[in-house]
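Below, each chain spelled out in residue letters.
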Amino acid sequence: MTLEAKLVAILKTVCARTFTDFAPPTTARPYLTFQQIGGAVITPLANEVPDKENAEIQINIWADTRAEAKAATKAIEAALILATTFQARPVAAPASDFDSDIPVYCSRQDFTIWCDR
């Protein structure tokens, strides 16, 4: 199972409406999107493929209220830290946002995740 498949399985325990990159415009809130925004690379001196991989993942929760977004962010953080299929740690505290055009509240947080390849 890939890192992304393991991540989706865990995130769906917090929010069933979980999408990679973007959600369809008519998706009911709350919903979650995530994307890989980088990660560390293991570069062994020998010509071999490492048995671990790393991804830096940004997770965004979209909700109707600030309180709902913050509560979901805390639940996501706990689920990822407690995961047994990989090791995830927050890179920084969550950031809050608001899109007045929609309108929708967002809370996002970046995680570094290490996983077997």
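Preceding this section is the structure that the text describes.
1. Digging into the overall build of the protein
Part 1 of the argument: On a plain count of helices and strands, the protein comes out with two helices and six strands.
Part 2 of the argument: For the C-alpha atoms alone, the extent of the protein along its principal axes is close to 50 × 25 × 25 Å.
Part 3 of the argument: Of all 117 residues assigned to the protein, the portion counted as buried reaches 32%.
Part 4 of the argument: Residue pairs in contact within the protein that sit at least 24 positions apart in sequence constitute 59% of those at least 6 positions apart.
Part 5 of the argument: Approximately 6900 Å² of the protein is accessible, and the part contributed by carbon and sulfur atoms is 54%.

2. As for the pairing of strand β3 (residues 52-63)
Part 1 of the argument: Across seven bridges, the pairing between strand β2 (residues 31-38) and β3 is antiparallel. Of the residues in β3, the one forming a bridge with Y31 is W62.
Part 2 of the argument: In this sheet, strand β6 (residues 104-116) lies alongside β3 in antiparallel orientation, the contact comprising twelve bridges. The residue bridging N54 from the neighbouring strand is W114, located in β6.

3. Section: the environment of R89
Part 1 of the argument: Within the element layout of this structure, R89 appears in strand β4 (residues 87-90).
Part 2 of the argument: By relative accessible area, which is 38% here, R89 ends up partly exposed.
Part 3 of the argument: Remark: the alpha-carbon pair of R89 and T112, spanning 23 residues in sequence, is separated by 5.5 Å.
Part 4 of the argument: Contact partners of R89, with chain neighbours within four places excluded, come to I81, D110, F111 and T112.

4. So, the nonpolar core
Part 1 of the argument: Formed by 22 residues in total, the largest nonpolar core has its most connected members in L7, L11, L32, I59, L80, F86 and I113.
Part 2 of the argument: No other element matches the five residues that β3 contributes to this core.
Part 3 of the argument: Once you skip the residues sitting within four places of it in the chain, F86 turns out to touch L3, K6, L7, I10, L80, I113, W114 and C115.

5. Section: the packing of aromatic side chains
Part 1 of the argument: In the structure shown here, the tally under the stated rule is three aromatic pairs.
Part 2 of the argument: Note on F19 and Y31: the rings are 6.4 Å apart at their centroids and 80° apart in plane angle, and the pair reads as edge-to-face. Taken together, the residues F19 in strand β1 (residues 18-20) and Y31 in strand β2 connect sequence positions twelve residues apart.
Part 3 of the argument: Judged by its relative accessible area of 23%, F19 is partly exposed.
Part 4 of the argument: Arranged with centres 4.7 Å apart and planes meeting at 50°, the rings of F98 and Y105 form a pair that is tilted.
Part 5 of the argument: You can call Y105 partly exposed: its relative accessible area is 26%.

6. Some remarks on the side chain of T18
Part 1 of the argument: Counting through the fold element by element, T18 comes out in strand β1.
Part 2 of the argument: Residue classification places T18 among the buried residues on the basis of a relative accessible area of 9%.
Part 3 of the argument: Within the structure, the side chain of T18 is placed 2.6 Å from the backbone oxygen of C15, a separation counted as a polar contact.
Part 4 of the argument: Non-local contacts of T18, meaning those with residues more than four positions away in its chain, are made with L11, K12, L32 and F34.

Conventions and cut-offs
Residues numbered from 1 in each chain as written. Predicted model: local features only at pLDDT ≥ 70, side-chain atom pairs only at ≥ 80, totals over all residues. Heavy atoms only, no water. Helix = DSSP H or I, 4+ residues; strand = E, 2+ residues; numbered from the N terminus. Buried < 20%, exposed > 50% of the residue type's maximum accessible area, 1.4 Å probe, protein only. Contact = heavy atoms within 4.5 Å. Areas by Shrake-Rupley, 256 points an atom, 1.4 Å probe, with all protein chains shown as cover. Pairing = 2+ DSSP bridges. Core = buried A, V, L, I, M, F, W, Y, C linked by side-chain atoms within 4.5 Å. Phe/Tyr/Trp six-rings, centres within 6.5 Å; stacked < 30°, edge-to-face > 60°. Polar contact = N/O pair within 3.5 Å; in protein donor to acceptor, adjacent residues only side chain to side chain.

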